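Letter by letter, the chains look like this.
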Amino acid sequence: MRKKSTVLFLVIAIAFTGVLFLHAKEDTIIEDRKGLFKQVQLLADSITLISVDYVEPVKIKDLIYGAIKGMMGTLDGYSQFLDPEQFKEITEETKGEFGGLGITIGIRDGVLTIISPMEDTPACAAGVQSGDKIVKIDDKTTQDMTLDDAVKKLRGKPGTKVTITVVREDVSEMLDFTITRAIIKIKSIKDVMVLEEGIGYVRILEFQERTAKELNKNIKGLQKKGAMGLILDVRNNPGGLLEVAVEVADLFLDKGDLIVYTEGRDPEKRVDFRARRDSQFQNMDIVVLVNRGSASGSEILAGAIKDNKRGILVGVPTFGKASVQTVIPLGDKSAIRLTTAAYYTPLGKNLMDKGVEPDIVVEKEKTARKEKIEDPDKKKTEIFEKVKEKEKADKKQKKRKKKKEK
């Protein structure tokens, strides 16, 4: 068995070294190579022991996938492993159509959280809200569930149902939503119209490949109808493609204006995104509507408009997803989605977990963000303790009903 473990170790070590050489400078690959290979030996030994001694036969591929998922689970809430099927689905999402409920999810305070419900989808119709923390999916707790496992459970064949249990701020009871899955057709732009007194209105639902071109065309159409000012509505817009968010901001800024910059582990690799051309809409006053469901690309647009003093932000603070995920394909058509950088507004503000502050705060209800919890682990523990208490109460109630029926 030791020989088998050594062979497996060599294979894993070579794979690790190859990946590191591809994605890092040679002088910064790893400080302690001996330490790396010693830890990789532990992984190889564990895989060998499981494959030889586990009570039932196990595929090596399943063990490797499980190990990668475990590694990704030790990182932030947005890095994840994508098996070949999930990688294919991610590609389909950017084209604007996929099956599911119509929500964008992430991890916040260690708990699966709804970033935004998408417009005109089953989830939106059911009444789920940005910030809802999903604690159960079909009676299975999400306490130790990875992001990719949650996505798998939420998606399914159109017409089938899934029940999610959520914890919502300022609501004492947990809420259950039974939602019927459907093919989600994501529109990029909706509700293009001229309001009173020559004010144009455009709602951007998500940043897709075609968004900037469509928006440019729609605004010109509004100008022909007499629009002199513009309201850009990115409420509940979960983001999308970074490059497209930059292209959209470019429509309203002057050539050379800084839109956003990204910075990762190496400060020398900072990347600036600037407007490439003068705005065609310089004479239009801009108002951007934001809320807690405005995330990622929406925050890039909002931050660029605000910091360049190009317009006014109205609403409540945005979600605070200020990181860049790079999807890196692996050899078997699987991939890892890895957080490789954080992005900053033109004035150097990192928005992670803070969001963009609006110039004018307008709350629809009591949705003002509370002070950040100092100990996320404590909050996570409190949430799932409530889940366990509710489960116990439900079991007692079922027993009582059975006794009454007898």
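The structure this text deals with has already been given above.
Everything in this summary refers to the structure shown in the same document. (Residues numbered from 1 in each chain as written. Predicted model: local features only at pLDDT ≥ 70, side-chain atom pairs only at ≥ 80, totals over all residues. Heavy atoms only, no water.)

### A few points about the packing of helix 7 (residues 211-224) against helix 8 (residues 242-250)
- At a minimum axis separation of 8 Å, helix 7 and helix 8 run at an interaxial angle of 20 degrees. On the basis of their axis angle, the class for helix 7 and helix 8 is roughly parallel. In the crossing of helix 7 with helix 8, the sense of the turn from one axis to the other is right-handed. Here Thr211, Ala212 and Leu215 of helix 7 come into contact with helix 8, specifically with Val244, Glu247 and Val248.
- Its residues assigned to classes, the contact of helix 7 with helix 8 comprises four nonpolar, one polar and one charged. (Axes fitted to C-alpha atoms, helices over the stretch in contact; angles between N-to-C directions. Helix = DSSP H or I, 4+ residues; strand = E, 2+ residues; numbered from the N terminus. Parallel < 35°, antiparallel > 145°, perpendicular 65-115°, else oblique. Left-handed = near helix turned anticlockwise from the far one by under 90°. Contact = heavy atoms within 4.5 Å. Nonpolar A, V, L, I, M, F, W, Y, C, P; charged D, E, K, R; others polar.)

### Focus on the packing of aromatic side chains
- Applying the stated criterion to the full structure yields three aromatic pairs.
- Here Tyr261 and Tyr344 contribute two aromatic rings whose centre-to-centre distance is 5.1 Å and whose plane-to-plane angle is 10 degrees, an arrangement assigned as stacked. Taken together, the residues Tyr261 in strand 13 (residues 258-263) and Tyr344 in strand 18 (residues 335-344) connect sequence positions 83 residues apart. Tyr344 shares its class with Tyr261; the two are buried.
- Arg108 extends its terminal NZ or CZ atom over the ring of Phe319, reaching a point 4.0 Å from the ring centre.
- If you follow Lys321 out to its NZ or CZ, it ends over the ring of Tyr78, 4.7 Å from the centre. (Phe/Tyr/Trp six-rings, centres within 6.5 Å; stacked < 30°, edge-to-face > 60°. Buried < 20%, exposed > 50% of the residue type's maximum accessible area, 1.4 Å probe, protein only. Lys NZ or Arg CZ within 6 Å of the ring centre and 35° of its normal.)

### Quick look at a nonpolar patch on the surface
- Together, Ile50, Tyr54 and Val55 make up a nonpolar patch on the protein surface, roughly 320 Å² of accessible area in all.
- Within the secondary structure, Tyr54 is located in the loop between helix 2 (33-53) and helix 3 (60-73). (Patch = residues over 30% accessible without salt bridge, like charges linked within 9 Å, V, L, I, M, F, W, Y side chains within 5 Å. Areas by Shrake-Rupley, 256 points an atom, 1.4 Å probe, with all protein chains shown as cover. Salt bridge = Lys/Arg side-chain N within 4 Å of Asp/Glu carboxyl O.)

### Remarks on a positive patch on the surface
- Taken together, the side chains of Lys388, Lys392, Lys395, Lys396, Lys398, Lys399 and Arg400 make up a positively charged region of the molecular surface.
- With respect to the secondary-structure elements, Lys398 resides in helix 10 (residues 376-405). (Lys, Arg positive; Asp, Glu negative; His and termini not counted. Charge placed at Lys NZ, Arg CZ, Asp CG, Glu CD.)

### Considerations on the side chain of Ser116
- If you trace the backbone, Ser116 turns up in strand 4 (residues 111-117).
- Among the residues examined, Ser116 registers a relative accessible area of 0% and is labelled buried.
- In this structure the side chain of Ser116 is engaged in a polar contact, spanning 2.6 Å, whose partner is the backbone oxygen of Asn236.
- Beyond its immediate sequence surroundings of up to four residues, Ser116 is in contact with Gly102, Ile103, Thr104, Ser130, Asn236, Asn237, Pro238 and Gly293. (Polar contact = N/O pair within 3.5 Å; in protein donor to acceptor, adjacent residues only side chain to side chain.)

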